[in-house]
Structure formats: C-alpha cells, structure tokens
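Chain by chain, the residues:
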Amino acid sequence: MSDQVSTIAMADAAKPSGVRWKIFLLMLFLISINYIDRASLSVAMPVIAKEFDIDPAMQGLILSSFFWTYALMQVPGGMLADRFKPRIVIALATLFWGFFQALAALSTSWMLLLMTRLGLGASEAPIYPAGGKLNAIWMTQTERGRGATLLDGGAPLGAALGSIVIAWLMAAFSSWRVAFVVAGVGTMLCGLWAWYYIRNMPREHPSVNEAEARYLEEAHAIEDAATPPSSGASGMAYFRFRSVWCMCLGWMFFNTTFYGLLTWMPTYLFKVHGFDIKALGGASFIIFFAGFVGELVGGWIGDGWRARGGAPNTVFRTLFGIAAIMATVSIFLVAYVTNAVVVVVLLSTTLFFLRWCGMYWAIPSALAGRGKSGFLGGCMNLGGNIAGITTPLIVGFIVQATGSYFLALMYFAAAGIALLICSTLIDYSRKLPV
C-alpha cells in the first residue's frame, strides 16, 4: 500500500503544478474589477450630476479625465514593472486605485470628484504593462496567447458586469457614496490578495513544484537562445523598428472601436433603436460578454496552433486578420440594419472577433523578451489610450455635426481596416536587437 502511495506521489510530483494559470485567473479578476471601478462614475453620473448641478459639458470632461493620467502613466508604469518586477507594481496599483475609488465618495464638488478620477487613472495605469511583464515571465511562447487573453479578458467581462454591480450596490445602499466606498475597499482587499499570491519568478512561489519550474526554465532557455544580445541602447531605440510602431498603432485602432462601443453604444441603442433602460442593460451585457468569450476563444486557438508548430507570423497575422475583417464587416452592417435584435447580434459578433486582438499583449514579449516587455507594453497601451481620450470626442463631434450615427459607425469600420493593415505589418518571428 505504501508503495502505491509513493508511486502516486511521484506521478503528481512529475506533473507541472499549473500555478501560472491560477495567477492569470487572478489577473482576469483584477482587470475585471479595474473596469467595474471605471464604469462606476458613468453609472452614478445621473445622480451625481443632479447633486452637484453639473452640466453635460462638464460631465464629459469629468468622464474623460480618467484617461488623461491613465494614458500619461502607461510608459512609466511599464518601466516600473521592468525595474521593480510586477508583483509589487500590481499590488500597489490595485491598493491605490481602490483608495481613490473610495475617496471619491467624500467629494463635495465636481472639482474634487475630477481629482479623484485623475488619481484613479494614474493608479490603474501600471496594471496592464505589469501584467504583460508577468506574461513574459510566467508563460512559455506557446502559452502567451492564452495568458494575454486572460489578462485582457477582464476588459469586456468588467464592462459586461460593471453597470450591473455598481447599480446593484447603489440600489442596495440607496447611496452612490456608499457604493463607491464598498467598491473601493473591496478593490484594496484584492490588492492584498495579489501581493499574497503573485510572485515575480516561478521558483519564488511556494505552490510551484519542481516540474513546473523546470518546464518554464527550459522553455525560456530555448527562447533566450534565439534572442539577440542587448546593444545597451535605451528603450526608445525600439522605435527604429516598424513592428513597434505598428504594434502601438494597431492597439490604438483596436481601442478606437472598443472604446467607441463602450462609451457610445448605449446612447446609440437608446436613440436609434428605442431601447429602454432594462433592454439596454441586457443588451450591453450580451454584447460585452460575447467579447469576453471571443477573447478566450482567440487565445485558445492561437496557442493551440503555435503548439502544433505554427509559425508566429502565420498564426498571428491570420488570427488578427480574421478578427479585423469580421469586426469591420459586422460594424459596417450595423449602419444598414433596422431590426434591433439583428443589431445586437452584429454588435456581439463585432466584439467576439475584435477581442481576439487581446493577444496583442503577447507582442511586447515577442519583440523585446522579458527584460523590456514592461516598457513596450506601456508604449503599446499608451497608443490604446490615446484612442480612449479621442474616440468619445470624435464620435460626439460626428453625431452633433451630422445628426446621425452613420459616419460614426463608418469611423469604427475604418479603424478595423487600419487594424488589419498594422497587424499584417508586424514581424512576430524575431526579437528586436536593442
């Protein structure tokens, strides 16, 4: 009997422990909370605007203020992850954005509320670049697609759940202030959980067995052997290469469509297709949850193809190409459809395929390796959040000038075509000699 127990124990010891997947499920959870906290002000704005007597123009300014500091801090956030490692950056970012989320409850004027949004943006900024760094450290080349989509999948999942969670908290406590405090304190507790569970290196984690540690070390050794030696140049030297520009621009065009739908889709469905509040909530959940499912599906297909020997350029150019084409066709057709159910189906299809591009978060480590992946991830997300700042304003201008959403939908379709071009021009097959 003891021999049988020993045999089972040895078999278990020989099997990699899979801690890396638990870490990225935690990252999925953290990014979902990230988007729930972002959505809180949009959900509460009707009540806050009445309380503080805020006009529509000032509401738009406050809602966009998050992106000012969020975009500004992307590259510094990535550099912090490279220098101090992702564990402390992720934990502190989560603690501080939870603090600013709760602090907003003490606001007595729109100016104080805006200041807390600036703090929230700056605090949330490092989470994605640090997550990209974590992907480079904890995943192999044939796992980073799934790691990237687990990391980025929190965006559509959080967008799907955000309005529901915050609205429920406001209803439960009959106060937007209490809802913000509960959300903020909950986020801070998640920051402590992140510090407790995440480690910078696999061998530092108490739950990683020898098989998982060796599996990752051997995969990284093979990857490092193909990496050109560092030239000692600064991070800005990466911008001598077309792939880096196309990565940043591709992520910007991806986010043009995503942030456009995130900010304007409810208003579009309400004004053009007559959705009431209840129908808007259900439709938004369906559309963004389709994006979450699509993100996971894309990562699974990509990694499976790579594991079967697919060349990086073939895999990524094909999958990003399919994603961009399907999203472009779907959003283009929305402009010509009058049936509300078909519109929801088309928007769900748009996000299902568009979110395959969450695998973009595997590109920084593909181009830079583990040493500078945080910096490149920050540069990429800076491009993405330029779209976050400009897209709501551009769409608002188009709608105001034309009195129609037709050209806004064509703008999203054009962004899809630009995403296709940029994704095709990236060379995913080699590390850059910087």
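Up top is the structure.
Counting of residues starts from 1 at the beginning of each chain's written sequence and follows it residue by residue. Reporting in this predicted model follows two pLDDT cut-offs: at least 70 for local features of residues, and 80 or more for side-chain atom pairs to be given and counted; totals over whole chains, interfaces and linings ignore these cut-offs and use all residues. Just so you know, side-chain values use all the structure's heavy atoms and leave hydrogens and water out.

### As for the nonpolar core
One recurring pattern in soluble globular proteins is that nonpolar side chains are buried together.
Argument step 1. Grouped together as the largest cluster of nonpolar side chains are 107 residues, with contacts concentrated most on Met247, Leu269 and Tyr360.
Argument step 2. A run of H or I in DSSP counts as a helix once it spans at least four residues, and a run of E counts as a strand once it spans at least two, with each numbered from the N terminus. Counting residues per element, this core draws most heavily on helix H12 (residues 242-273), at 12 residues.
Argument step 3. Among all residues touching Leu269, those that are not within four sequence positions of it are Gly274, Phe275, Leu280, Ala283, Ile287, Val343 and Leu347.
Argument step 4. Grouped together as the second largest cluster of nonpolar side chains are 21 residues, Ala44, Met45, Leu118 and Ile166 included. Think of a nonpolar core as a cluster: buried Ala, Val, Leu, Ile, Met, Phe, Trp, Tyr and Cys residues, connected wherever their side-chain atoms sit within 4.5 Å. Relative accessibility thresholds used throughout: buried, under 20% of the residue-type maximum; exposed, over 50%; partly exposed, between the two (1.4 Å probe, protein chains only). Throughout, a residue-residue contact means that at least one pair of heavy atoms, one from each residue, lies within 4.5 Å.

### Regarding the packing of aromatic side chains
Argument step 1. Stacked, tilted and edge-to-face are the three classes applied to pairs of Phe, Tyr and Trp rings, where Trp contributes its six-membered ring and a pair requires centres within 6.5 Å; stacked means planes under 30 degrees apart, edge-to-face means over 60, and tilted covers the rest. Scanning the model with the defined rule gives 29 aromatic pairs in all.
Argument step 2. Note on Phe239 and Trp245: the rings are 5.2 Å apart at their centroids and 70° apart in plane angle, and the pair reads as edge-to-face.
Argument step 3. For Trp245, a relative accessible area of 45% gives the class partly exposed.
Argument step 4. Ring centres of Phe332 and Tyr336 lie 5.3 Å apart, and the angle between their planes is 45°; on these two criteria the pair is classed as tilted.
Argument step 5. In this analysis the charged atom, NZ for Lys or CZ for Arg, is taken to sit over a ring once it is within 6 Å of the ring centre and within 35 degrees of the ring normal. In this structure, Arg38 is placed above the aromatic ring of Tyr35, and the distance from its NZ or CZ to the ring centre is 4.0 Å.
Argument step 6. Above the ring of Phe258, the side-chain terminus of Arg355 is found at 4.4 Å from the ring centroid.

### Concerning the side chain of Asn200
Argument step 1. Within the secondary structure, Asn200 is located in the loop between helix H10 (176-197) and helix H11 (210-225).
Argument step 2. Whenever two N or O atoms come within 3.5 Å, that pair is a polar contact, provided that in protein one can donate a hydrogen and the other can accept it, and provided that, for residues adjacent in sequence, both atoms are side-chain atoms. At 2.9 Å, the side chain of Asn200 forms a polar contact with the backbone nitrogen of Arg87.
Argument step 3. Once you skip the residues sitting within four places of it in the chain, Asn200 turns out to touch Lys85, Pro86, Arg87, Ile137 and Trp138.

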